[in-house]
Structures are given as C-alpha cells and as structure tokens.
Amino acid sequence: AKSQQRAGHFYFTRNMGVEIRERVRMMHALRTAFSKHELFLAYQPQMDLATRKPVGAEALLRWRAADGRFVPPDRFIPIAEYSGLIIDIGEWVLRTACAELVRLRAAGHQDFTMSINVSQVQFRHPQFLQVLRGALADTGAPPRYVELEITESMAMEEPETFIEMLAQVKETGVHIAIDDFGTGFSSLSHLQRLRLDRLKIDRAFVTEISGASRGSSIAEMVIQLGRNLGLSVVAEGVEDELQARVLQQLGCPLAQGFLFARPMGAGELSDWLEDQAR
Ligand code: C2E
Ligand code: CA
Ligand code: CA
Ligand code: CA
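What counts, and at which threshold
Every residue gets a number counted from 1 within its own chain, in the order that chain's sequence is written. For naming, the first written chain is A and the first written ligand is 1, with later ones following in the order written. Reporting of local features is limited, given that this is a predicted model, to residues whose pLDDT is at least 70; pairs of side-chain atoms are given and counted only at 80 or more, and all residues count toward the totals for whole chains, interfaces and linings. Note that the side-chain values use all heavy atoms of the structure and ignore hydrogens as well as water. Strands here mean DSSP runs of E at least two residues long; helices mean DSSP runs of H or I at least four residues long; both are numbered from the N terminus. Burial classes follow relative accessibility: with a 1.4 Å probe on protein chains only, a residue under 20% of its type's maximum area counts as buried, one over 50% as exposed, and anything between as partly exposed. Within this scheme, the nonpolar core is defined by two criteria: the residues are buried Ala, Val, Leu, Ile, Met, Phe, Trp, Tyr or Cys, and they are joined through side-chain atoms within 4.5 Å. Contacts were defined at the residue level, with two residues in contact if any of their heavy atoms lie within 4.5 Å. The method works on a 1 Å grid over the protein atoms by themselves. A cavity is a set of points holding a 1.4 Å probe that cannot get out, a pocket is an open set with protein on both sides within 12 Å along at least five of seven lines, and residues with an atom within 4 Å of a point line them. Grid points are joined across faces, edges and corners, and a volume is the space filled by probe spheres set on the points. Each residue is assigned to one of three groups, with Ala, Val, Leu, Ile, Met, Phe, Trp, Tyr, Cys and Pro labelled nonpolar, Asp, Glu, Lys and Arg labelled charged, and all others, Gly among them, labelled polar. Excluding water, the donors of a metal are its N, O and S neighbours within 2.8 Å, or within 3.2 Å for Na, K and Ca, and that exclusion means sites may look incomplete.

**Here's the deal with the environment of Phe205**
- Relative to the elements of secondary structure, Phe205 occurs in helix H10 (residues 203-207).
- Under the relative-accessibility criterion, Phe205 is labelled buried at 9%.

Take a look at the structure:
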C-alpha cells in the first residue's frame, strides 16, 4: 500500500495491473521485433479516380509477431509512441519508404508518389527535421514525390509551434497531407495558415456512401474545401464501385481502398504496377 501511495495516490485495480503488464510485454516484444528486423512496410496504391491508374502508394507498417500473427498498427503504434520507440521506428519507416520510392523510380515509375505516416510524437521531436533531411539525402528520394501524412488533431495542439515546424518541414520540399480529415474539427482560418498539399477524407465518411445514400455531406464538404483551398483530395477506404463513382461525381480526384488494392509487400507492388501498366 505504501508503494502505491508513493506512486502519486494511484491505486491499481486487478485489471489495470493486467493491462499494464500486457502493455509492458508488448513494448518489449516490439523492441525485440524491431531490432531483429521483423517489422516491414506494406504499400497500398492510390489511384486517379478518372483514369483508374495508380499515382502513388501509402506505406503502412506491419508487425508479424513471433507466433506468426499480425499485430495491427492501431495496437502497437500507441505503445511505440508511449515508450519512445516510435522515434527509431519512424526513422526506419521514413528511410525504407524513401528507398522504395527510389527503386520504383528506377524501374520506370517516374511520377509515383510515396505517402508516409508520421506520428505526432515523431513530428514534434527536436531531431525530426534532421532525421527527415538525412533520410532524403541518404536515399536520394526526390522530396516533391514524398508526402508526409499527419493527423488533423496534431495540427490543432499548440498551433503556433506546429505552424513554425511545418514551415521548416516544407522547406525540404516534401508535401504534406492531413490524414483522417473531417474527424478533428479544424477551423477554416487555421487550415489556411498551414501550407498543406492534400486532405485525406477519413474512411468513416466514405463508408457512409452506400446504395441507400450518397452519405453525409462531410465527404462532399471536404472535396469542396480542397478545391477552394487549391489542395489535392484523396478518399480512403473505398471498398466498392458505387463509392468510387459517387466520389468521382463529387469531384474527388484520388482514392485508395480495397476496391483497387490491399496493402502489399514491396515485391508484390512492383508486380502489381507492371500489371496495371499493361
Ligand atoms: P491510416 O493512416 O488511416 O491508414 C489507413 C488504414 O486503412 C490502413 O490500416 C489500411 O490498411 C486500411 N484500409 C485501406 N483501405 C481500406 C479499405 O478499403 N477498407 C478498410 N476497411 N480498411 C482499409 P492499417 O494498415 O491497419 O493502419 C492503421 C493505422 O495505423 C493507420 O491508419 C495509421 O494511423 C497507423 N499507421 C500505419 N503505419 C504507420 C506508420 O508507419 N507510422 C505511423 N505513425 N502510423 C502508422
Ligand atoms: Ca495514413
Ligand atoms: Ca487515414
Ligand atoms: Ca483512418
């Protein structure tokens, strides 16, 4: 009881103990997996809705645990952030995705873009700019074909420091997309002050488009907003043809989702791109 009191009047219940132990276990397993190179990237193509041709891909982190099962990123990324592991893992993601972009360009996919997820913890780390510049320089990835996906909520916290940081990141030449757009209630005036390139419509608003309805007006609003601000827009989580058609009618230029392709390994992506070019 004494030690519990020393820990800031924090009393563990039985379940909390189990949960914390599970998190600590996962943190160790993740650290081991990372050092043993058991993490890898899957790439999901992004399509031009009008031509139905691939224009880029999003890099998505994968972890196959020792027992062969995949741990979903939604589960292990919060742990990576919380433990600080995301700094090293995030740098590895940047370098690996940039290197893959360079390989794809060498294989003839000259206009292909690579979208890379960057966590809040990583973006706000004092060394982030240096890490980004290093990844670009060492891999030779052309910055204008690299896009960083950051979340809407990230832009909302401490906006002044964020705007300053974003300006420096933009100076490297990379593009910036706001991920999961529509979920974070950004103010318009605020958005205009950020030098963004693209908005990603959250899957939740794409899913709402079904046979029964064209969905809420949110997807439509984001597309309109993108147009008014001169930004590119990509819809994520497009699973059926109806959604693709409605989005295209609404003026959405780009889409990503199981309708076109699932995230796939680097080798598979190359083969898939060859097939698409035929
Ligand atoms: P996100 O950035 O919103 O990524 C989109 C998620 O939707 C991916 O899940 C993708 O596999 C999934 N998805 C794509 N198309 C469809 C579809 O048509 N239907 C459905 N139901 N799902 C679709 P995933 O790979 O499990 O990633 C989950 C989240 O983990 C990502 O959400 C992102 O926030 C985070 N994440 C993934 N990789 C990284 C990374 O390298 N760094 C960081 N910081 N976060 C990452
Ligand atoms: Ca993303
Ligand atoms: Ca997203
Ligand atoms: Ca999402």
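So, next bit.
**Details of the nonpolar core**
- In this structure, Phe123, Leu148, Val169, Ile201 and Leu247 are the most contacted members of the largest nonpolar core, which totals 83 residues.
- The dominant element in this core, judged by the number of residues it contributes, is helix H4 (residues 86-106), at eight residues.
- Residues contacting Phe123, with those up to four places away along its chain left out, are Val118, Phe128, Ile150, Met154, Phe162, Met165, Leu166 and Val169.

**Describing the layout of surface pockets**
- For the largest pocket, the calculated volume is near 1200 Å³.
- For the largest pocket, the lining is made up of 40 residues, of which Glu58, Leu60, Pro73, Asp74 and Asn117 are closest to its centre.
- Those elements giving two or more residues to the lining of the largest pocket turn out to be strand S1 (39-48), strand S2 (53-64), helix H3 (73-83), H4, helix H5 (120-123), strand S5 (146-151), helix H7 (152-156) and strand S6 (175-181).
- Per-class residue counts for the lining of the largest pocket are 16 nonpolar, eleven polar and 13 charged.

**As for the coordination of the calcium ion (ligand 3)**
- The coordination sphere of the calcium ion (ligand 3) contains the protein donors Asp179 (OD), Asp180 (OD), Glu236 (OE) and Glu236 (OE), at a distance range of 2.2 to 2.6 Å.
- Expressed as a motif, the donor residue spacing for the calcium ion (ligand 3) is D-D-x55-E.
- Between the calcium ion (ligand 3) and the calcium ion (ligand 2), the interatomic distance is 3.9 Å, and Asp179 donates to each metal, bridging them. In this pair, Asp180 is assigned in strand S6 and Glu236 in the loop between strand S8 (232-235) and helix H12 (241-249), connecting sequence segments 56 residues apart.
- For Asp180, a relative accessible area of 25% corresponds to the partly exposed category.
- Accessibility expressed as a relative area gives 12% for Glu236, which makes it buried.

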